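Summary of the model geometry
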Amino acid sequence: MTMTPATRPRIRVLFTGSRAAPNWEPWGREIEAALSRAHDFVVADPDRPLLDQVADRSIDAVVETSMLASAALAEAAEGHVRLWQLGSVGYDNVDVASLARHGIPVANQPGFTSSQSLAEHALLLAMMVERSVQEFDHTIDVGHVGQPTGRQLAGRTLLIIGLGASGRQLARRAVAFSMRVIAIAHRRPDPDLVRRFDLAWIGGLDRLDEALGEADVVSLHVPLNNETHDILDSRRIGLIRPGGVVVNVSRGGLIDELALAEAVRSGHLFGAGLDVVEGEPAGPDHPLRGIDRIILAPHVAGATDATARRRARFAALNVSRLRYGLEPLSRVDGLHSLADAGGGAEGRRFTT
């Protein structure tokens, strides 16, 4: 007998978030709305050990947004959890190796789910630094009106390091601002992207030093791994054109933060706009706090209503694939991944 959606067993999903958590709105609410329609959706009980709840053999899938996966949770999930769905694109803080050892497929969020929000935020940070937004309150306090303190983006060169989903979205916006855009692809550079995104040129990591020497604004859009850790170290920060600006909406470990602070203090760089830092959250003693023309945001580049909807819908899609005996999309091990540029037909379903 062919099983219809009505007769297929429902998937029981454990969501590790809490309705009392500050990020329930919109993340948890959107995930619950997307998953509870067709599946048995269970929100973790904050008064019970999460380990016991993951070990419940009625749980088929775990959806999490807080990088909680550990060796102990992976062991508890073995034998019954068929998907560990992450709520983020990055997974550098997730114990993927332990989950893999226990035979649990792990899927992250494809880049297209947050690419537009990340690109908007990167452009916002660049504009805030260039227009000296930090000085506005003081200028008003001392009674100055119309004092020119900022610089425009038009005519300046933007270097995008990492031309994946968010990097491409930023390129489109920067070109619309009349910026000259160059790019470094951390994977194999595709020459056709020059035409598609109106780039001046694109190169691989072997041309990064050259690109930094042309850049007025540098924006980071690569994942954090052994290859990219401190990709902007002291030497490379020194290669950026005098008066340049650094923007980071990816991971704090991509930049030597002490070298960045010194470059801004010395005047080599005009400033920096950072959504992420090492050792988040950035406490009062963080080396980047309190420096003129360094603007910090609390890791919110992807935190928009649209991103929450896309990520919830993608999680629901992957859970539904379990119901039909299909492999999850966007597996961390690279199997069944959606294209980073937009996910093809699947990506187009999540663009609003």
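Positions within a chain are numbered from 1, following the residues in the order the chain's sequence is written. Totals for whole chains, interfaces and linings use every residue, but because this is a predicted model, local features are given only for residues with pLDDT of at least 70 and side-chain atom pairs only at 80 or more, for both listing and counting. Calculated side-chain values reflect all of the structure's heavy atoms, with hydrogen atoms and water omitted.

Focus: the sheet that holds strand E11 (residues 269–274)
The pairing of strands in a sheet comes from backbone hydrogen bonds and takes either a parallel or an antiparallel form. If DSSP finds at least two bridges between two strands, the strands pair. The numbering of helices and of strands both runs from the N terminus, where a helix is a DSSP run of H or I of at least 4 residues and a strand a run of E of at least 2. The sheet built from seven strands is open, its strands ordered E8-E7-E6-E9-E10-E11-E12 with parallel pairing. Only two strands of the sheet have a single partner each, and these edge strands are strand E8 (201–203) and strand E12 (294–296). For this sheet the average axis-to-axis angle between neighbouring strands, irrespective of direction, equals 15 degrees. Looking at chain direction, E11 and E12 are connected through three bridges and run parallel. By the bridge assignment for E12, alanine 272 is matched with isoleucine 294. Its contacts with the sheet place helix H7 (residues 165–176) against strand E6 (157–161), strand E7 (180–184) and strand E9 (217–220), and it is angled at close to 170 degrees to E6. Contacts: residue pairs with any heavy atoms within 4.5 Å of one another. All axes are obtained by fitting lines to C-alpha atoms, using only the stretch in contact for helices, and the reported angles, taken between N-to-C directions, cover 0 to 180 degrees. Along the sheet, helix H11 (residues 257–266) contacts strand E10 (244–248), E11 and E12; its crossing angle with E11, the most-contacted strand, is approximately 135 degrees.

Considerations on unusual backbone geometry
The peptide bond linking glutamate 25 to proline 26 adopts the cis configuration, its omega dihedral lying at 0 degrees. Looking at where proline 26 falls in the secondary structure, it is placed in the loop between strand E1 (12–15) and helix H1 (27–35). Geometrically, the link from glutamate 280 to proline 281 is a cis peptide bond, its omega value of -5 degrees lying close to zero. Mapped onto the elements, proline 281 comes out in the loop between E11 and E12. Here serine 178, not a glycine, exhibits a phi torsion of approximately 65 degrees, which is positive. By the secondary structure assignment, serine 178 is in the loop between H7 and E7.

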